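Understanding the architecture of this molecule
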Amino acid sequence: MKSVVRLVRFTAVAFLVLRCCPAVFAQDETGQDPGENRVASQSGLTGAGAGSSSSTAAKPGGADGLGNPLLGGERHPLYRLQPSDVVEISFTVAPEFNQRLTVQPDGYVMLKDAGMVEVQGLNLEEFSQAVQKAYVGYLHDPQVAVALKDFARPYFIVGGQVARPGKFELRSDTTVAEAVQIAGGLTPQSKCSQVVLFRRVNDDLVETRLLNLKKMLKQNRLGEDAHLRPGDLVFVPQNAISKIAPFLTRPSMSMYVNPTQF
């Protein structure tokens, strides 16, 4: 009799459990917050579009663009082609069209079988697109790679009363006094108290600056020395003694001219 009662109780408990479990599962499925499901779904994504906008990584300042304004907004401009630059073009499936070209003074290059293309002012990516467009009628889906082989290097010019006047490459930070030494130093006829630095601001304006190298070097005031920029011209004039020397004899010069004043 007791075993029968136990069997009945066990059956009743099992029946109640089976009735309650589906309700609990249904409550879990229907009672879940829909927003939680979306977040879990987004968190499973990878790449730039994953998650909310607040968690997306900010795009760093790229080449030829403006950087993060909070970090100063520094620009990273790409090099743009200029006359005399040398570029090399390579085709993946048509090597017979490979060529090395020099940008002409008018800003054009002559492409093999494709004619003249204006490239001055283009960066390498834009130049590659221009070449692909030029060969659309000659090649099916042209795949081209371009490379800059030679370009106009920054320079400065030193003229006037120096040992070796001429044009020099501006390879590093250089001052006017250093530029004079690169040009071989001053000649005895130079007026180092009135060295002129010419700097072109634009096509119509040239900025000039007068430097007293003699006083600067004598008093060790090198902080006043100007730093050169590409295209600057340093001119060392001739002193007054040299100007009048052809008209005076040696004895008369010593009588009327005091060299220390120059």
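Residues numbered from 1 in each chain as written. Predicted model: local features only at pLDDT ≥ 70, side-chain atom pairs only at ≥ 80, totals over all residues. Heavy atoms only, no water.

Here we come to the packing of aromatic side chains. The final tally for this structure, using the stated rule, is six aromatic pairs. When the centroid spacing of 5.0 Å and the interplanar angle of 75° are considered together, the rings of Phe91 and Tyr135 count as edge-to-face. Of this pair, Phe91 sits in strand β1 (residues 86-91) while Tyr135 sits in the loop between α3 (124-134) and β5 (144-150), and the two are 44 residues apart along the sequence. Relative accessible area serves as the criterion here: at 5%, Phe91 is assigned to the buried category. (Phe/Tyr/Trp six-rings, centres within 6.5 Å; stacked < 30°, edge-to-face > 60°. Helix = DSSP H or I, 4+ residues; strand = E, 2+ residues; numbered from the N terminus. Buried < 20%, exposed > 50% of the residue type's maximum accessible area, 1.4 Å probe, protein only.)

In terms of nonpolar packing, the biggest core is built from 20 residues, with Phe156, Val158, Val176, Leu213, Leu228 and Val234 touching the most fellow members. Listed by contribution, the elements that provide at least two residues to this core are β6 (155-160), α4 (176-182), β8 (195-200), α5 (213-218) and β10 (233-236). Sort the elements by how many residues they give to this core and α4 lands first, with four residues. In this view, Val158 contacts Pro165, Gly166, Phe168, Ala179, Ala183 and Val234; residues no more than four positions away in its chain are not counted. In terms of nonpolar packing, the next biggest core, distinct from the first, is built from 19 residues, Leu101, Val119, Leu139 and Val144 among them. (Core = buried A, V, L, I, M, F, W, Y, C linked by side-chain atoms within 4.5 Å. Contact = heavy atoms within 4.5 Å.)

What follows concerns α3. Among the residues of α3, those classed as buried are Phe127, Ser128, Ala130 and Val131. Buried residues of α3, seen end-on, are gathered within an arc of 160° and therefore sit on one face of the element. Exposed and facing more than 90 degrees away from the buried side of α3 are Glu125 and Lys133. Buried-residue contacts for α3 involve β1, β3 (108-111), β4 (115-118) and β5. With a side-chain oxygen positioned 3.1 Å from the backbone nitrogen of Glu125, the residue opening α3 is Asn123. (Arc of directions from axis to C-beta. Polar contact = N/O pair within 3.5 Å; in protein donor to acceptor, adjacent residues only side chain to side chain.)

These values are about where atoms sit, not about what they do.
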